[in-house]
Amino acid sequence: MEVTVAGDEGSARLDRVLAVRLAELSRSRLKALIQAGQVAVKSVPVRDPAYHVTPGDTITIDVPEAVAAEPRGEDIALDIIYEDDDIIVIDKPSGLVVHPAAGHETGTLVNALIAHCGASLSGIGGVKRPGIVHRLDKDTTGLMVVAKNDRAHQSLTAQFADHGRTGAMRRGYMAFAWDVPGRQRGTVDAPIDRHPYAREKMAVRERGREAITHWEIRETFNGRDGKPVASLLACQLETGRTHQIRVHLAHIGHPLMGDSVYGPHFKTKASHLGPQSQAALEALGRQALHAYLLALEHPKTGEILHWEQPLPEDLLLLQKTLRATQ
C-alpha cells in the first residue's frame, strides 16, 4: 500500500497519519507493522511510530497476508440472518460456546465462522479470525454480530462501547423471570464485578464496573393458585458486563427461570407452576434468556440496520404452557 502525506492529517506522527489515511487498518495493526519494519518513508524503513513525516513524503506499507487463525474451521451449521463483506449476523442456538477456551477448544462459534467465512475473513489484526465484539452465554440464544475485517471490528467495538448513548446501537433481550415486578418498567443501575468467593460468578459489588439494565414487563403469568408466579421482561442494555441481565434481575429479586447459577433458591417456585409448565421448564435446562433485538450502524455504509428474532422453540413452549395455566 502507498500513501502520500497531504499535511492535513492533523498530526505529523507516522502512526497517526496512517491511521487517518488507512481507516481499514486498526491503530494497533499499524503500530505492529511499523515496529516490524513493514513501513518505509521515502523507501527507508522506519520502526518508530512517533516518527515525524512531512507533506509530500511517500509512505509504503507492506501488509502481509493474514495468517491462519489458531482455531481450526469446523463444519458447524449456522443460522445466518445477514451477511456481507464486512459483518455477519447469526441467531446463536443454545449450547454453542462463542470462543475457544479451556474445556471448549473445539465446536465453538469461532470454529464455525472460520469455516463458513473462509477467504472473506480479511483478518483482524493480521490474523484470519472473526472479530468477536460481544458474546452471549453458552446457553443464551439470539442475535450476535461479528466483524470480518479490521474496519468493521473498529466500528463495532466503538458502537458496543457506546451502547446507544449517542448512536444507533441497541441490544434487546426477552427474559422469563420469577415473580412479577411491582411496576411496569424500571432500571437497574448497579456495578458488577467478580463474585468475591465464587470466581465463576459475577455479583453486584460497590467497586465494580458500571452496569445499567432497563426492563419492561411484556407479559405476566399466574400459577396454579391464580397468583402471579412469573413474567416476561423486555430488557435493554446500556452497558455490556458478563452475565449482566442474569445478575441484575437476581439482584432485584426476579432471577431468570431456569438459571441454576443466579436463581437456585427459586427452584421451589416451580411447584406453583402447572404440570405442563414444570415439564417445559425442566426440558429447557437453561436460563430463559433470548437476545431478540439488535440494531447498529453498518461499519462501511453508515446505514442503520435492525433485526428482531422470535423466541426459539424451547422458550415458545415455556411461554405457551405458562399461558395455559392461567
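Note: the structure precedes this text.
The rules we used
- Residues numbered from 1 in each chain as written.
- Predicted model: local features only at pLDDT ≥ 70, side-chain atom pairs only at ≥ 80, totals over all residues.
- Heavy atoms only, no water.
- Helix = DSSP H or I, 4+ residues; strand = E, 2+ residues; numbered from the N terminus.
- Buried < 20%, exposed > 50% of the residue type's maximum accessible area, 1.4 Å probe, protein only.
- Lys, Arg positive; Asp, Glu negative; His and termini not counted.
- Charge placed at Lys NZ, Arg CZ, Asp CG, Glu CD.
- Pairing = 2+ DSSP bridges.
- Contact = heavy atoms within 4.5 Å.
- Axes fitted to C-alpha atoms, helices over the stretch in contact; angles between N-to-C directions.
- Salt bridge = Lys/Arg side-chain N within 4 Å of Asp/Glu carboxyl O.
- Expected span 1.5 Å × (residues − 1).
- Polar contact = N/O pair within 3.5 Å; in protein donor to acceptor, adjacent residues only side chain to side chain.
- Parallel < 35°, antiparallel > 145°, perpendicular 65-115°, else oblique.
- Left-handed = near helix turned anticlockwise from the far one by under 90°.
- Nonpolar A, V, L, I, M, F, W, Y, C, P; charged D, E, K, R; others polar.
- Phe/Tyr/Trp six-rings, centres within 6.5 Å; stacked < 30°, edge-to-face > 60°.
- Arc of directions from axis to C-beta.

With that settled, consider the overall build of the protein chain. For the protein chain, the count of helices and strands is 7 helices and 18 strands. Each principal axis of the C-alpha distribution contributes one length, and for the protein chain these read about 80 × 40 × 40 Å. Sorting the 326 residues of the protein chain into buried and exposed places 48% on the buried side. The distance from the centre of the 38 positive side-chain charges to the centre of the 40 negative ones in the protein chain is 6 Å.

Each strand in a sheet pairs with another by means of backbone hydrogen bonds, the pair being arranged parallel or else antiparallel. The 4 strands are arranged S1-S4-S2-S3 in an open sheet whose pairing can be described as antiparallel. Each of the sheet's edge strands pairs with one partner strand only, and the pair in question is strand S1 (2–4) and strand S3 (44–45). Strand direction decides the pairing type here: strand S2 (residues 39–41) and strand S4 (residues 58–61), joined by 3 bridges, are antiparallel. Each residue of the ladder has a partner; that of Val41, found in S4, is Ile59. Packed on one face of the sheet, helix H1 (residues 14–21) meets S1, S2 and S4 and runs near 75° to S4.

The next point concerns the pattern of salt bridges. Summed over the entire model, instances satisfying the criterion amount to 13 salt bridges. Salt-bridge contacts for Glu9 lead to Arg21; the nearest nitrogen and oxygen are separated by 3.3 Å. Here Arg21 lies in helix H1 and Glu9 lies in the loop between S1 and H1, a separation of 12 residues in the sequence. Classification of Glu9 by relative accessible area gives buried; the value is 9%. Among the ionic pairs, Asp86 bridges to Lys300, the shortest N-O distance being 3.8 Å.

Spanning 13 residues, helix H4 (residues 150–162) covers 18 Å between terminal C-alpha atoms, matching the ideal 18 Å at 1.5 Å per step. When we look at burial in H4, the residues that qualify are Asp150, Ala152, Leu156, Gln159, Phe160 and Asp162. On its buried side, H4 packs onto helix H2 (27–35), strand S7 (87–92), strand S10 (141–147), strand S11 (170–178) and strand S17 (289–297). Its side-chain oxygen at 3.3 Å from the backbone nitrogen of Arg151, Asn149 defines the N-terminal cap of H4.

A separate point is the side chain of Gln244. Position of Gln244 among the secondary structure elements: in helix H5 (residues 244–251). For Gln244, the side chain forms a polar contact with the main-chain oxygen of Ile212, separated by 2.8 Å. Within the local environment of Gln244, its side chain forms a polar contact with the side chain of Thr239, the two groups lying 2.8 Å apart. Once you skip the residues sitting within four places of it in the chain, Gln244 turns out to touch Ile192, Ala211, Ile212, Thr213, Leu237 and Thr239.

A word on unusual backbone geometry. The phi dihedral of Lys42 is positive, around 50°, even though this residue is not glycine. With a relative accessible area of 56%, Lys42 lands in the exposed category. Here Asp179, not a glycine, exhibits a phi torsion of approximately 65°, which is positive. With respect to the helices and strands, the residue Asp179 is situated in the loop between S11 and strand S12 (185–189). A residue is classified by how much of its surface remains accessible, and Asp179, at 19% relative accessible area, is buried.

For the rest of this paragraph, the subject is the environment of Gly182. Along the polypeptide, Gly182 turns up in the loop between S11 and S12. The spatial distance from the C-alpha of Gly182 to the C-alpha of Ile217 is 10.0 Å, given a sequence separation of 35 residues.

A word on the packing of helix H6 (residues 275–284) against helix H7 (residues 313–325). The N-to-C vectors of H6 and H7 enclose an angle of 160°; their axes lie 8 Å apart at closest approach. Relative to H7, the element H6 is oriented roughly antiparallel. The hand of the H6/H7 crossing is left-handed. Every residue of H7 that contacts H6 at Gln276, Ser277, Ala280, Leu281 and Leu284 is listed here: Asp314, Leu315, Leu317, Leu318, Thr321, Leu322, Ala324 and Thr325. Here the contact of H6 with H7 is built from residues that sort into 8 nonpolar, 4 polar and 1 charged.

We now examine the environment of Leu96. Relative to the helices and strands, Leu96 resides in the loop between S7 and helix H3 (109–117). When the C-alpha atoms of Leu96 and Thr108 are compared, they prove to be 6.0 Å apart, with 12 residues separating the residues in sequence. Leave out the neighbours within four places in its chain, and Leu96 touches Gly107, Thr108, Leu109 and Lys138.

In this section: the packing of aromatic side chains. This structure, assessed with the given rule, holds 2 aromatic pairs. On the numbers, 5.5 Å between centres and 50° between planes, the contact of Tyr82 with Trp307 is tilted. Of this pair, Tyr82 sits in strand S6 (residues 80–83) while Trp307 sits in strand S18 (residues 304–308); the two residues are 225 residues apart in sequence, bridging distant segments of the chain. Taking the relative accessible area as the measure of exposure, Tyr82 reaches 25% and is therefore partly exposed.

Now for H6. Three or more residues of H6 are buried, namely Ser277, Ala280, Leu281 and Leu284. Summarising the axial view, the buried residues of H6 lie within an arc of 95°, below the 170-degree limit, and thus occupy one face. Exposed side of H6, more than 90 degrees from the buried face: Pro275, Glu282 and Ala283 are the residues found there. The inward-facing, buried residues of H6 contact S11 and H7. Looking one or two residues beyond H6, the residue adopting positive phi is Gly285, at roughly 60°.

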